[in-house]
Amino acid sequence: MTPPSPLLACLLTLLLAAAVAPPPSASAYCVSKKDGAAHSGKPGAPSKAKPKPPPAKPTPAPPKPIPLPPGADIVRSLCLKTDYPDLCMSSISKQPPPPLAAGKRLEAAGVLRLAMGAVRAKAAEAKAKAAALAADPKTQPLARGPLHDCVESYDDIAYSLDQADKAIAAGDRDTTGTMLDTVRTDVDTCDQGFEDRAELTPVMAQYDAELAKLASNCLAIATAAGLR
């Protein structure tokens, strides 16, 4: 028998190998390039989404300016020239506003009158307190005389303020200054009655301390405004 040619022998070997080769595994599968690109390089690692930037905080609206009543600017400017500007502005704010014609603004004389009104109101309050203490049976007997003197000095304050008001209206700067100085002196008169008696408690000291500051503010306003 003639042996097969080398080429034929090679073909027979390939056919035999294909016949006995094991079938492909059932678990084999193909992955497309697109699917492979969508996964992380590490097997089984979950895909990480990019964090969203926090929402921008809304810019707060600027505070609305508080409208000032007519003349409030001159009140502030004059009160800043006193030794007690906070007391000056707060005491004036408690006074009833003066009547102003249409289109008119508060002037320096009006500010001074409002400051004088604060003195008048505090003096009336102090007078009522002094009178009540003088009539109280629990009050020290030696204190009754000084308390009655305080009542009179508070009445003098009201009178001096009335005269100062008339002088302002007349444009009399000398009298305006004299009457405002007198107001300040009347406050000290009340204190003097207690200071002369060391055994007495100065029961009107708190009222007189505030009255002294209010009277001082009036003098400073009158000076700054050229009204004295």
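All of the points below concern the structure found in this document.

Cut-offs and rules
Residues numbered from 1 in each chain as written. Predicted model: local features only at pLDDT ≥ 70, side-chain atom pairs only at ≥ 80, totals over all residues. Heavy atoms only, no water. Helix = DSSP H or I, 4+ residues; strand = E, 2+ residues; numbered from the N terminus. Expected span 1.5 Å × (residues − 1). Salt bridge = Lys/Arg side-chain N within 4 Å of Asp/Glu carboxyl O. Buried < 20%, exposed > 50% of the residue type's maximum accessible area, 1.4 Å probe, protein only. Lys, Arg positive; Asp, Glu negative; His and termini not counted. Contact = heavy atoms within 4.5 Å. Polar contact = N/O pair within 3.5 Å; in protein donor to acceptor, adjacent residues only side chain to side chain. Disulfide = S-S within 2.5 Å. Axes fitted to C-alpha atoms, helices over the stretch in contact; angles between N-to-C directions. Parallel < 35°, antiparallel > 145°, perpendicular 65-115°, else oblique. Left-handed = near helix turned anticlockwise from the far one by under 90°. Nonpolar A, V, L, I, M, F, W, Y, C, P; charged D, E, K, R; others polar.

### Quick notes on helix H6 (residues 141-170)
No. 1: Across its 30 residues, H6 extends 45 Å between first and last C-alpha, which sits within 8% of the 44 Å expected from 1.5 Å per residue.
No. 2: Gly171 lies just past H6 and shows a positive phi near 70°.

### Topic: the pattern of salt bridges
No. 1: One pass over the full model with this rule turns up eight salt bridges.
No. 2: Note that Lys122 is salt-bridged to Glu125, the shortest N-O span being 3.3 Å. Taken together, the residues span about one helical turn, with Lys122 and Glu125 both in helix H5 (residues 108-135) at a distance of three residues.
No. 3: Accessibility expressed as a relative area gives 14% for Lys122, which makes it buried.
No. 4: Overall, Glu125 belongs to the partly exposed group, its relative accessible area being 40%.
No. 5: Between Arg228 and Asp181 there is a salt bridge, with the nearest N and O atoms lying 3.5 Å from each other.

### Some thoughts on the side chain of Asp186
No. 1: Topologically, Asp186 is positioned in helix H7 (residues 173-195).
No. 2: For the buried Asp186, no salt bridge exists, and the shortest N-O distance to an oppositely charged side chain is 9.7 Å, to Arg184.
No. 3: The contact partners of Asp186, leaving out residues within four places of it in the chain, are Ser153, Asp156, Ile157 and Ser160.

### Observations concerning H7
No. 1: The terminal C-alpha atoms of H7, which comprises 23 residues, lie 33 Å apart, in line with the 33 Å expected from a rise of 1.5 Å per residue.
No. 2: Listed in full, the buried residues belonging to H7 are Thr176, Gly177, Met179, Leu180, Val183, Asp186, Val187, Cys190, Gly193 and Phe194.
No. 3: Of the surrounding elements, those touching the buried residues of H7 are H5, H6 and helix H8 (205-224).
No. 4: For H7, the N-terminal cap is Asp172; the gap from its side-chain oxygen to the backbone nitrogen of Asp174 is 3.4 Å.

### Examining the state of the cysteines
No. 1: Counted under the stated rule, the structure contains two disulfides.
No. 2: Disulfide pairing places Cys79 opposite Cys88 at an S-S distance of 2.0 Å. Between Cys79 and Cys88, the S-S torsion sits near -65°, and that sign places the bridge as left-handed. Of the two residues examined, Cys79 and Cys88, each falls in the buried class.

### A word on the packing of H5 against H8
No. 1: With their axes 9 Å apart at the nearest point, H5 and H8 run at an angle of 165° to one another. Relative to H8, H5 is oriented roughly antiparallel. At the point where H5 passes H8, the crossing takes the left-handed sense. Between H5 and H8, the residues in contact are Val111, Leu112, Ala115, Met116, Ala118, Val119, Lys122, Ala123, Glu125, Ala126 and Lys129 and Tyr207, Glu210, Leu211, Leu214, Ala215, Cys218, Ile221 and Ala222, respectively.
No. 2: The residue makeup of the contact of H5 with H8, split by class, is 15 nonpolar, no polar and four charged.

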